[in-house]
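Observations on the three-dimensional arrangement
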Amino acid sequence: METVFWACFIGGALYAIVVILFDDIIGAALDSFVPDIPGLDAITLVGGITVFGGTGLLLDHYTDLGTGTVLLLSLLSAIVAGAAVFFLYVRPMRDSENSTGYSEQDMTGMLAEVLVPIPASGYGEVMLRMGPAGVTGRIAASLDGEPIEAGADVLVVEVRDGTLYVTKVDMDRFDGSKR
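Model, not experiment: these values are computed from the prediction.

Glancing now at a nonpolar patch on the surface. Where nonpolar side chains cluster on the molecular surface, the patch consists of W6, F9, I10, L14, I17, V18, L21 and F22 and spans about 760 Å² of accessible area. Considering the arrangement of structural elements, one finds I10 in helix 1 (residues 2-33).

This is the structure:
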């Protein structure tokens, strides 16, 4: 039984070292072999196997417990450690993966303000609010071929080749006040 415990412990420790070096490749490969069960992913499973091996070695070497008791206690400690890894590390990390990224196509339909005047057949710049705390400036052209002055409110109608095609809107018509 000692061989099984050593194999689990060394295998888990080697996995940890390899993950540190090649996290994205190994994690994705192992996640494809682990069944899609909530709470069971590669890091939780391998962490539990490592704890199973380490606990088994310690209990086998330092106690006079029988093989069945050592196996049971090792399995219970592996389950507790796996659950702890999941609830204290994996789930909080998964829940915190909020992206502040956006694509240019996300800008279609958004309101913006003209920073640099947009001539009838040329380019200017607009400012858009992206997310709760971000703003971005983008190159813009008039969709209607009409010049648009700085400070005007515009609507992004289309995005082509990195350019926002906008049309002027009158915000006073919508809410009775200027932004």
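Let us now look at helix 2 (residues 42-62). Over its 21 residues, helix 2 extends 30 Å from the first C-alpha to the last, a length consistent with the 30 Å expected when each residue adds 1.5 Å. Restricting attention to buried positions, one finds in helix 2 the residues A42, T44, V46, G48, T50, F52, G53, G54, T55, G56, L57 and L59.

Time to look at the sheet that holds strand 2 (residues 124-130). Here 5 strands make up a closed barrel; going around it, the order is 1-2-3-5-4 and the pairing mixed. Neighbour-to-neighbour, the strand axes of the sheet open up by a mean angle of 55 degrees, direction not taken into account. In this structure, strand 1 (residues 111-116) lies alongside strand 4 (residues 153-160), joined through 3 bridges in antiparallel fashion. By the bridge assignment, L111 is partnered in strand 4 with L155.

With that settled, consider unusual backbone geometry. Even without being glycine, D161 reaches a positive phi, approximately 50 degrees. Within the element layout of this structure, D161 appears in the loop between strand 4 and strand 5 (163-168).

We now examine the packing of aromatic side chains. The final tally for this structure, using the stated rule, is 3 aromatic pairs. A cation over an aromatic ring shows up here: R160 above the ring of Y165, its NZ or CZ 4.0 Å from the ring centre.

Within the element layout of this structure, T50 appears in helix 2. Judged by its relative accessible area of 17%, T50 is buried. Once residues within four sequence positions are removed from consideration, T50 is found in contact with C8, F9, G12 and A13.

Moving on to the pattern of salt bridges. Per the stated rule, a full pass over the model turns up 2 salt bridges. Note that E149 is salt-bridged to K168, the shortest N-O span being 2.6 Å. Of the two residues, E149 sits in the loop between strand 3 (134-142) and strand 4 while K168 sits in strand 5, which places them 19 residues apart along the sequence. The class for E149 is partly exposed, based on a relative accessible area of 40%. The closest approach of N and O atoms between E158 and R160, which form a salt bridge, is 3.2 Å. Judged by its relative accessible area of 36%, R160 is partly exposed.

Reading the values: the criteria
- Residues numbered from 1 in each chain as written.
- Predicted model: local features only at pLDDT ≥ 70, side-chain atom pairs only at ≥ 80, totals over all residues.
- Heavy atoms only, no water.
- Patch = residues over 30% accessible without salt bridge, like charges linked within 9 Å, V, L, I, M, F, W, Y side chains within 5 Å.
- Areas by Shrake-Rupley, 256 points an atom, 1.4 Å probe, with all protein chains shown as cover.
- Salt bridge = Lys/Arg side-chain N within 4 Å of Asp/Glu carboxyl O.
- Helix = DSSP H or I, 4+ residues; strand = E, 2+ residues; numbered from the N terminus.
- Expected span 1.5 Å × (residues − 1).
- Buried < 20%, exposed > 50% of the residue type's maximum accessible area, 1.4 Å probe, protein only.
- Pairing = 2+ DSSP bridges.
- Axes fitted to C-alpha atoms, helices over the stretch in contact; angles between N-to-C directions.
- Phe/Tyr/Trp six-rings, centres within 6.5 Å; stacked < 30°, edge-to-face > 60°.
- Lys NZ or Arg CZ within 6 Å of the ring centre and 35° of its normal.
- Contact = heavy atoms within 4.5 Å.

Purely geometric stuff here, so don't read any function into it on its own.
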